Amino acid sequence: WYQRRVREAVVSTQSTGTCKGSGVEVTLNNGEQLQVDHILVAVGLEPSTELGDSAGLEVHAQMGGYVVNAELEARSNLFVAGDAACFYDPVLGRRRVEHHDHAVVSGKLAGQNMTGASQPYHHQSMFWSDLWP
C-alpha cells in the first residue's frame, strides 16, 4: 500500500540496498546513479545484547532481544524493557517492538514490577507516520 501510494505521488522507491553520496546525486550499491530531490532512509536495528551475555540472558534467535516473561522479567529480579525486550503478547504471540510508545510504557511497567506490582504487559503499541499534509 505504502509504495503504491508514494509512486502515485511521483516518488521513486528502492526497497532494498544501500546508497552513498552527497547533495542530490546518489550512487546505489549496484552502481546505478540517481539524481534525487530528497532521501528517506528506513533502517531496522538489532539490539546490542553483549551486556546480558555475562548474566546468561536468553536472546531470541529470530527477533533478537532478551526473552522476558509477561512481567518483563528476564531472570529473577532482572527486568528488560523497550526494544531490548522480546515479550509474549497474548494476541500476537512473541514479539519485539522498536517504538517510542513501547519503550515508555514497558519501561514504566518494568519499574513498577521491580517494586512488586507483578503486572503483565498487555499494551498494544501505537505507531504513526505523516506521509501527506
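Residues numbered from 1 in each chain as written. Predicted model: local features only at pLDDT ≥ 70, side-chain atom pairs only at ≥ 80, totals over all residues. Heavy atoms only, no water.

Q: Just checking my understanding: could you explain the pairing of strand E2 (residues 25–28) for this structure?
A: On a regular strand, each side chain points to the face opposite its neighbour's, so the side chains alternate between the two faces of the sheet. Of the two faces of E2, the one holding Val26 and Leu28 is buried and the one holding Glu25 and Thr27 is not buried anywhere. Across three bridges, the pairing between E2 and strand E3 (residues 33–35) is antiparallel. Following the sheet pairing, Glu25 is matched in E3 by Gln35. Where E2 folds back onto E3 in an antiparallel hairpin, the turn is made up of four residues, including Gly31, whose phi is positive at roughly 95°. (Buried < 20%, exposed > 50% of the residue type's maximum accessible area, 1.4 Å probe, protein only. Helix = DSSP H or I, 4+ residues; strand = E, 2+ residues; numbered from the N terminus. Pairing = 2+ DSSP bridges.)

Q: How should I be thinking about helix H3 (residues 100–114) in this particular structure?
A: Think of an α-helix as 3.6 residues a turn; residues three or four steps apart then line up on the same face. Between its first and last C-alpha, H3 extends 21 Å over 15 residues, near the 21 Å set by a 1.5 Å rise per residue. Elements that come into contact with the buried residues of H3 comprise strand E6 (78–79) and strand E7 (85–89). Just past H3, the residue Gly116 takes up positive phi, approximately 100°. (Expected span 1.5 Å × (residues − 1). Contact = heavy atoms within 4.5 Å.)

Q: What is the right way to look at the nonpolar core in this model?
A: A general trend in soluble globular proteins is that nonpolar side chains are found buried together. Membership of the largest hydrophobic core comes to 13 residues, with the highest contact counts inside it found for Tyr66, Val68, Leu72, Val80, Phe87 and Tyr121. If you list the elements that add at least two residues to this core, you get E7 and H3. Discounting chain neighbours no more than four positions away, the residues touching Tyr66 are Ser48, Thr49, Glu50, Leu51, Gly52, Leu57, Glu58, Val59, Val80, Ala84, Ala85 and Cys86. (Core = buried A, V, L, I, M, F, W, Y, C linked by side-chain atoms within 4.5 Å.)

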